[in-house]
Amino acid sequence: MSADRSQPQRYDVAIVGAGPTGLFAVFELGLLGLNAVLIDTLDKPGGQCSELYPEKPIYDIPSWPVITGQGLTDKLLEQIAPFKADFLLGRRVNGMTRQEDGRFLIGTDAGDTVDAGAIFIAAGAGCFTPRRPKLEGLEAFENRSVFYAVRSRAAFAGRDLVIAGGGDSALDWTLDLVSTARSVTLVHRSDRFRAAPASVSAMRALEAEGRVRFVEGDLAALHGAAGDLSRIDIRTKGGTVELPADRLLAFYGLNIELGPIAEWGLDLADGKLVRVDTEKFQTSTPGIFAIGDINHYPGKLKLILSGFHEAALASHAAFKVVRPNEKLRFQYTTSSSELQQRLNVAPIAEAAE
Amino acid sequence: MSETGAKIVVIDRAGERHVLETVEGWRVMEILRDQNTGIEGICGGSCDCATCHVIVDPAWADRLPAPRDEELDKLDELPLIEKTSRLSCQIIWSDALDGLTVTIPEAA
Ligand SMILES: Cc1cc2nc3c(=O)[nH]c(=O)nc-3n(C[C@H](O)[C@H](O)[C@H](O)COP(=O)(O)OP(=O)(O)OC[C@H]3O[C@@H](n4cnc5c(N)ncnc54)[C@H](O)[C@@H]3O)c2cc1C
C-alpha cells in the first residue's frame, strides 16, 4: 500500500508494533468500528512470539492450556482478519508530528507517511535491529559494502562476499548467494552452527567442492576507502587471515532497543519504558497510548494477557479521541448484531438482543 | 534475600562497582534484573535473547558450572564476546558463589 506517498493514507489509529498486543488492538478497535494500520520493523507479524520463540509452548494464555509462540500469532491473525488492517512491515517508525487539527503524522524509515487520529505504541521491548559488529570505521561501509539483510540479490552479484554468523540466516544466504557472488567465504567463531542441519550439510558439501570457503574466527578489521570495502581481516586461532572482499553480510542476530520513540517527548520510565495511566493507558501526550511490554505503571506485569487487557481499555479511550461527537455503546460480541456484522459472522436471531 | 548474606559483585555499563544481595536458587540474570543493573533478560531465562550477557571475572570462570551447548551457541551469535562471557540466565545462584564478580558489557 505504498502506492501514493504524496497523500498520506488516513487511519483511525496507527499501531506501532505488530506483536501480540498490537495485533489484538486491531480486534478491539475493529469492534468499535475503528480501522488501523500496523507498522513493524520485522518482516512478519507476531513480535517476540514469532521472532524469539515460535516453537516454544506458552501456558498462560487464558483458555489456551498450551499454544506455541507462532500458534498464538496465527490465531490472532485469524481473529483480526475481518477488520482488514493494513500492515506496513519491514519499516521502522521514526518521527511523529501533530497537525493543526489534532491528528498525527507518522513517518517510517522507508519514507511512508501515515495520518492517524490516535497512536497506539505497542512496541514491546523495542525495535528489533541487527546487531552490529564492533569494528573501526564500520559506519562508513554500512549500506554501501556492509549489510545486515539482503534486500536485493543483485547487490552481491559478481562480488567477493564474506558472510559472518552461524545461524540460519548466515547459512541460508551462503547457499543462496553462492551461485551469484564471485566468491563466498563464511566466517563464524566456531565450527558448530545454530542452523538447520540440512543447511549445514549443504554448506559443508559446497566447501568440499571448493565453492564456499569457511574460516573459523572473528571479524577483526575492515579495509577500504570511501565506504568501498576491499579487504577484511579475520582473527583466527592461527593468526590473522586477510580476505579480499568487497561485500560483507553480517548476521549476528537482533538487538532490541526503544529506538526513535525515545525522542517523541513522552514521559519515560528508566529512559526505555513509556509511562501511562491505568484508566486509558494513555501517555503524557493525549491521543498517544502505550500498551503491552513497552508501557510502565505501578504493578505492571510483562505478560501477553496484560497487553490484551490494555488494548481493550486503550481502544475505548481512543474511540473518544477519534470520534469525539459519537456516543460509545458498550456491547458484547455474543449479543450485538452490530458487532457480529463487523465480525462478518451471521447475526444470531434478533431475539438475542 | 540470602540468609547467609552472600553477595554478588557487579560492574555496570558505566564502570561502577556494586555489591548486591542475592537469592539462593535464582538465576543470576534475575538477581541483576531485579536490582536495576541494566540487564534486560527479555526472554525470561530461556537462552533466546542474549540480553543478559555478562563477563565473568577470570578468577571465577572455572568455579562456575560449565555452559551447555545451547548457551555457547547463543553466545556465538554475539558480535563480540570475551573468553569468560556467559549468559547470566544460565547461572543459578547458590551461596557458594559468594563474591562472584561479573561485568556487564556495553550492549551490542
Ligand atoms: C522466550 C520468551 C518466552 C516468553 N514466554 C512468555 C509466556 O509464557 N507468557 C507470557 O505472557 N509472556 C511470555 N513472554 C513475553 C511475551 O512474549 C511478551 O510479553 C509479548 O511479546 C509482548 O507483546 P508486545 O506486543 O507488547 O511486544 P513485542 O512482542 O515485543 O512486539 C513489539 C513489536 O514492535 C516492533 N517495534 C518496536 N518499535 C518499533 C518502531 N519504532 N517501529 C516499528 N516497529 C517497532 C518490534 O519490532 C516488535 O515486533 C516470553 C518472551 C520470550 C522472549
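Coordinates for the structure precede this section.
Residue indices begin from 1 for each chain and proceed along its sequence in written order. Each chain gets a letter, beginning with A, and each ligand a number, beginning with 1, in the order they are written. For this predicted model, a pLDDT threshold of at least 70 governs which residues receive local features, and a threshold of 80 or more governs which side-chain atom pairs are given and counted, while totals over whole chains, interfaces and linings are taken from all residues. Working from all heavy atoms in the structure, the side-chain values ignore hydrogens and water.

Asks: Break down the side chain of N295 of chain A for me, citing the residues and quoting the values.
Replies: Residue and element names in this part refer to chain A. By secondary structure assignment, the location of N295 is in strand 22 (residues 295-296). For every residue, the accessible area obtained with a 1.4 Å probe (protein chains only) is divided by the maximum for its type, and the residue is called buried under 20%, exposed over 50%, and partly exposed between those limits. For N295, a relative accessible area of 0% gives the class buried. The definition of a polar contact used here is a pair of N or O atoms within 3.5 Å, where within protein one atom must be able to donate a hydrogen and the other to accept one, and adjacent residues in sequence count solely through side-chain atom pairs. A polar contact is formed between the side chain of N295 and the side chain of K300, at a distance of 3.0 Å. In this analysis, two residues are considered to be in contact whenever any of their non-hydrogen atoms come within 4.5 Å of each other. The residues contacting N295, other than those within four sequence positions of it, are L273, V274, V276, F281, A290, K300 and E310. Secondary structure elements follow DSSP: runs of H or I of four or more residues count as helices, runs of E of two or more count as strands, with numbering from the N terminus.

Asks: Quick one: what's the story with unusual backbone geometry, residue by residue and with numbers?
Replies: Negative phi values dominate among residues other than glycine, just as trans dominates among peptide bonds. All names here are of chain A. Residues other than glycine seldom take positive phi values, yet N143 does so here, at roughly 65 degrees. On the secondary structure map, N143 appears in the loop between helix 4 (138-141) and strand 10 (146-147). N143 sits in the exposed class, given a relative accessible area of 65%.

Asks: Provide a residue-level description of the sheet that holds strand 12 (residues 183-188) of chain A, including the pertinent values.
Replies: Strands qualify as paired when DSSP identifies two bridges or more between them. Taken together, 5 strands build an open sheet; the order of strands is 10-17-11-12-13 (chain A) and the sheet is parallel. Strand pairing shows two members of the sheet lacking a second neighbour, strand 10 and strand 13 (212-216) of chain A, which therefore form its edges.

Asks: Tell me about the nonpolar core, residues and numbers included.
Replies: Here the nonpolar core consists of buried residues drawn from Ala, Val, Leu, Ile, Met, Phe, Trp, Tyr and Cys, with membership extended through side-chain atoms lying within 4.5 Å. Grouped together as the largest cluster of nonpolar side chains are 64 residues, with contacts concentrated most on I15, I106, I119, F120, I121 and W264 of chain A. With 8 residues, the single largest contributor to this core is helix 7 (residues 304-322) of chain A. Beyond its immediate sequence surroundings of up to four residues, W264 of chain A is in contact with V16, V93, N94, G95, M96, I106, I119, I121 and I288 of chain A. Among the nonpolar cores identified, the runner-up in size contains 26 residues, and I8, V28, L32 and I91 of chain B belong to it.

Asks: Run through the pattern of salt bridges, naming residues and quoting values.
Replies: Put simply, a salt bridge is a Lys or Arg side-chain nitrogen that is within 4 Å of an Asp or Glu carboxyl oxygen. Applying the stated criterion across every chain, the model contains 34 salt bridges over all chains. Across the salt bridge formed by R194 of chain A and E77 of chain B, the nearest N and O atoms sit 3.0 Å from each other. On the criterion of chain membership, the pair formed by R194 of chain A in the loop between strand 12 and helix 6 (197-208) and E77 of chain B in the loop between helix 3 (69-76) and strand 4 (85-87) is interchain, its members lying in two chains. Residue classification places E77 of chain B among the buried positions, given a relative accessible area of 14%.

Asks: Tell me what's going on with the site of the ligand, and back it up with residues and numbers.
Replies: Residues and elements named next belong to chain A. Near, as used in this document, describes a residue that has one of its heavy atoms within 4 Å of the molecule or strand being considered. What surrounds the ligand is a group of 36 residues, the closest being D40, Y53, D60, V93 and D293. The side chain of D60 places a nitrogen or oxygen atom 2.8 Å from a nitrogen atom of the ligand. In isolation the ligand exposes 1,000 Å². Once the protein is present, 93% of that is buried. Elements with a contribution of two residues or more to the shell around the ligand: helix 1 (20-31), strand 2 (36-40), helix 2 (47-51) and strand 9 (127-130). For the shell around the ligand, the element with the highest residue contribution is helix 2, accounting for 3 residues. Polar here means any residue outside two lists: the nonpolar Ala, Val, Leu, Ile, Met, Phe, Trp, Tyr, Cys and Pro, and the charged Asp, Glu, Lys and Arg; Gly therefore counts as polar. For the shell around the ligand, the residue count by class is 19 nonpolar, 10 polar and 7 charged. A 1.4 Å probe and the Shrake-Rupley method give the accessible areas. Residues count as covered only by the protein chains that appear here.

Asks: Tell me about the environment of K280 of chain A, residues and numbers included.
Replies: Residues and elements named next belong to chain A. Tracing the backbone through its elements, the reader meets K280 in the loop between strand 20 (273-275) and strand 21 (288-290). The exposure class of K280 is partly exposed, given its relative accessible area of 33%. Once the C-alpha coordinates of K280 and I291 are considered, the two residues, 11 residues apart in sequence, prove to be 9.7 Å apart. Setting aside anything within four residues of it in sequence, one finds K280 in contact with F289, L313, A314 and A317.

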